[in-house]
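The primary structure of each chain is shown beneath.
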Amino acid sequence: MATTLDQLPPIEPSSTSPLPPPPQTSHKHQRPRAPKKSRTQNVSKFANLPPDPLYYFEDGLRKVHPYDYTYNTFCKERWRGKTLLEIFSTEFRDRPLEYYRNAIAAGTVCVCGTDKQATRTDTTRSGLETIVKNGDMISHTMHRHEPPVTEKPIGIVFEDENIIAISKPAGVPVHPTGRYNYNSVTEIMRHDRNGFNPMPCNRLDRLTSGLMFIAKTRDAADAFMHQLKSRTIRKQYVARVRGEFPEGDIICDQPILQISPKLGLNRIKADGKPAKTLFRRLRYNATKNYSIVECHPYTGRTHQLRVHLQFLGYPIANDPIYCNRKVFGVNLGKGGEGDDEDIITRLNRMGKTEVAEAEAYHEEIVNEHQRKKAEKMTGEVCEVCATPLYSDPGPHELGIYLHAKKYECEGGAWCYETSLPEWALEDEDEK
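Residues numbered from 1 in each chain as written. Predicted model: local features only at pLDDT ≥ 70, side-chain atom pairs only at ≥ 80, totals over all residues. Heavy atoms only, no water.

**Some thoughts on the overall build of the protein chain**
Logical step 1: Assigned secondary structure in the protein chain consists of 9 helices and 21 strands.
Logical step 2: In the protein chain, the proportion of contacts linking residues at least 24 apart, taken out of those at least 6 apart, comes to 66%.
Logical step 3: By element, 49% of the accessible surface of the protein chain is carried by carbon and sulfur atoms, the whole surface being about 22200 Å². (Helix = DSSP H or I, 4+ residues; strand = E, 2+ residues; numbered from the N terminus. Contact = heavy atoms within 4.5 Å. Areas by Shrake-Rupley, 256 points an atom, 1.4 Å probe, with all protein chains shown as cover.)

**Re the sheet that holds strand 1 (residues 56-58)**
Logical step 1: Read from one edge to the other, the open sheet built from 3 strands follows the order 1-2-7, with strand pairing classed as antiparallel. Whereas interior strands pair on both sides, the edge strands pair on one side only; in this sheet they are strand 1 and strand 7 (149-150).
Logical step 2: Bridging between strand 1 and strand 2 (residues 61-63) involves 3 bridges; their strand directions are antiparallel. What sits directly across from Tyr56, in strand 2, is Lys63. (Pairing = 2+ DSSP bridges.)

**Let's talk about the pattern of salt bridges**
Logical step 1: Evaluated as defined, the whole model comprises 19 salt bridges.
Logical step 2: For Arg193, the salt bridge identified is with Glu159, shortest N-O distance 2.9 Å. Linking Arg193 in the loop between helix 3 (185-192) and strand 10 (199-200) with Glu159 in strand 8 (residues 155-159), this pair joins segments that are 34 residues apart in sequence.
Logical step 3: In this structure Glu159 comes out as partly exposed when scored by relative accessible area, which is 35%. (Salt bridge = Lys/Arg side-chain N within 4 Å of Asp/Glu carboxyl O. Buried < 20%, exposed > 50% of the residue type's maximum accessible area, 1.4 Å probe, protein only.)

**Notes on the environment of Cys295**
Logical step 1: Mapped onto the fold, Cys295 is located in strand 17 (residues 290-297).
Logical step 2: Taking the C-alpha atoms as reference points, Cys295 and Thr277, 18 residues apart in sequence, are found 6.9 Å from one another.
Logical step 3: Filtering out sequence-adjacent residues up to four positions away, Cys295 remains in contact with Lys235, Gln236, Tyr237, Ala239, Leu278, Phe279 and Leu305.

**Some words on the packing of aromatic side chains**
For any two aromatic rings, the description comes down to two numbers: the centre-to-centre distance and the angle of the planes.
Logical step 1: Under the counting rule described, the total for this entry stands at 18 aromatic pairs.
Logical step 2: Taking 5.2 Å as the distance between ring centres and 40 degrees as the angle between the ring planes, the aromatic pair formed by Phe88 and Tyr100 counts as tilted. Note that Phe88 is positioned in helix 1 (residues 84-91) and Tyr100 in helix 2 (residues 97-106), a separation of 12 residues in sequence.
Logical step 3: Look at Phe213 and Phe224: their rings are 4.7 Å apart centre to centre, the planes differ by 35 degrees, and that puts the pair in the tilted class. Here Phe213 is found in strand 11 (residues 209-215), whereas its partner Phe224 is found in helix 4 (residues 218-229), with 11 residues between them in sequence.
Logical step 4: The exposure class of Phe213 is buried, given its relative accessible area of 1%. (Phe/Tyr/Trp six-rings, centres within 6.5 Å; stacked < 30°, edge-to-face > 60°.)

**Re empty space enclosed by the protein**
Logical step 1: Scanning the model with the defined rule gives 2 cavities of 30 Å³ or more in all.
Logical step 2: Looking at the lining of the second largest cavity, the elements with two or more residues in it are strand 15 (265-268) and helix 5 (304-312).
Logical step 3: Ranked by the residues each element gives to the lining of the second largest cavity, the list is headed by helix 5, at 3 residues.
Logical step 4: Here the residues of the lining of the second largest cavity are counted per class, giving 3 nonpolar, 3 polar and 1 charged. (1 Å grid on protein atoms, 1.4 Å probe; cavity = no way out; pocket = protein on both sides within 12 Å on 5 of 7 lines; lining within 4 Å. Points joined across faces, edges and corners; volume = space filled by probe spheres on them. Nonpolar A, V, L, I, M, F, W, Y, C, P; charged D, E, K, R; others polar.)

**What to know about the confidence of the model for the protein chain**
Logical step 1: Of the residues in the protein chain, 81% have a pLDDT of 70 or more, and the chain-wide mean is 83.
Logical step 2: Residue range residues 364-372 is modelled with pLDDT below 50. Its contacts to residues more than four positions away, or to other chains, number 11 contacts. (pLDDT = per-residue confidence, 0-100.)

**A word on helix 5**
Logical step 1: In terms of burial, helix 5 is largely enclosed, as 7 of its 9 residues are buried.
Logical step 2: Turning to helix 5, its buried residues are Gln304, Leu305, Arg306, Val307, His308, Leu309 and Gln310.
Logical step 3: Phi turns positive one or two residues past the end of helix 5, at Gly313, with a value near 95 degrees.

**Some remarks on the pairing of strand 18 (residues 377-381)**
Logical step 1: The sheet contact formed by strand 18 and strand 19 (residues 388-390) spans 2 bridges and is antiparallel. Looking at strand 19, one finds that Val381 is bridged to Pro388.
Logical step 2: Joining the antiparallel neighbours strand 18 and strand 19 is a turn of 6 residues, in which Ala386 adopts a positive phi near 65 degrees.

**Things to note about the environment of Pro261**
Logical step 1: With respect to the helices and strands, the residue Pro261 is situated in the loop between strand 14 (256-260) and strand 15.
Logical step 2: Note: C-alpha distance between Pro261 and Phe92 (169 residues apart in sequence) is 8.9 Å.
Logical step 3: Each residue touching Pro261, except ones within four places of it in the same chain, is listed here: Arg78 and Glu91.

**Describing the packing of helix 1 against helix 2**
Logical step 1: Following both chains from N to C, one finds helix 1 and helix 2 inclined at 155 degrees, their axes separated by 10 Å at the closest point. On the basis of their axis angle, the class for helix 1 and helix 2 is roughly antiparallel. When the axes of helix 1 and helix 2 are compared, the crossing they make is right-handed. Every residue of helix 2 that contacts helix 1 at Leu84, Leu85, Phe88 and Ser89 is listed here: Leu97, Tyr100, Arg101 and Ile104.
Logical step 2: Partitioning the contact of helix 1 with helix 2 into residue classes produces 6 nonpolar, 1 polar and 1 charged. (Axes fitted to C-alpha atoms, helices over the stretch in contact; angles between N-to-C directions. Parallel < 35°, antiparallel > 145°, perpendicular 65-115°, else oblique. Left-handed = near helix turned anticlockwise from the far one by under 90°.)

**A short note on the environment of Tyr401**
Logical step 1: By secondary structure assignment, the location of Tyr401 is in the loop between strand 19 and strand 20 (402-409).
Logical step 2: Assessed through its relative accessible area of 13%, Tyr401 is described here as buried.
Logical step 3: Taking the C-alpha atoms as reference points, Tyr401 and Ala424, 23 residues apart in sequence, are found 7.9 Å from one another.

**Quick word on unusual backbone geometry**
Logical step 1: A cis amide bond links Asp52 with the next residue in sequence, Pro53, at an omega value of 0 degrees.
Logical step 2: Inspection of the secondary structure assignment puts Pro53 in the segment before strand 1.
Logical step 3: Although it is not a glycine, Asp59 sits at a positive phi angle of roughly 55 degrees.
Logical step 4: Relative to the helices and strands, Asp59 resides in the loop between strand 1 and strand 2.
Logical step 5: Phi is positive for Ala386, which is not a glycine, with a value near 65 degrees.
Logical step 6: On the secondary structure map, Ala386 appears in the loop between strand 18 and strand 19.
Logical step 7: By relative accessible area, which is 52% here, Ala386 ends up exposed.

In structure tokens form, the structure reads like this:
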């Protein structure tokens, strides 16, 4: 019998007292606020005109033609005191090291000065030995090639004048990140709604599908973020994991640490951030050896559900990172097994010289044709910028078996729920 949120133990209070609700005061006698200066006044990530048309659709994929693009980003704390080449060689894997070396030498990657309002100035520095310091802005002009994403539309679950509850398709990132820019939730919505400025209130991993909240106004975004920070929202996810997950309430409270920002890899580490998840098995398919599991995260760490399920020995069945035998070995990282540096080295080959295959594909869930149709370097290069080209991702690479199903306010003021994906509805009669 499927479990419900009513059966959950109460949400634990945060380490600090919950924030009080925003006061409902009249603005009649308040002094009008001075307009805030925009931190990114002259720092747009969209310094170049987008392709026209922006999107085209082919083989079930949403695609963007290559385009010229200038990316501006402020110095992160971990970049301070490092050279441009050190930063690009350790943080980014989109292009080979030689590309970054040549781009820095040519000045298409440079450091820009900023003024007291953090607005870009005309002062630039470039060169392989250029040191990046606090307050600097790094500018990178490039011929950009975006990976395609699914052509499935962003679903609308609910909408009013303040907020939109959406169903995010698997494989689409929330924000521009890494190799993705226009193929992201915020940019697709901006395009489809003629310049609308979406303000995401929660985030999902790129490969995860399901419920997200997009604010229409800053006040609406602040109100929702207040509820998230005070931990008064219950979250329910559904996952399809490898093996026979045990019955009953299973709680994992292992801390999580990001061990490679470049690869987005997270692991269980004693010095990581506190994390806690409750899991319940809904049913088990003995024929195909997978379980459908309900997941209730108490905290919101990056890859939390994926890492906790791997640690317990039941990774998400088609997870190309945490259920990958080529990366984690025969035990798939159960109990935190495996040397970090060895794992990073093997994972770095995935999607370049090797296809990132989850354990599910070794068990022939995906046929041979799909296995061949997978994203990796083709050996060809772009005629314009000489960057290595990638093949299109296969259908099995566009998402994982993890879905954000339901968000509910603890006080019962609101509740939003999405439909389950097909992979969670197979063999519903089996328990």
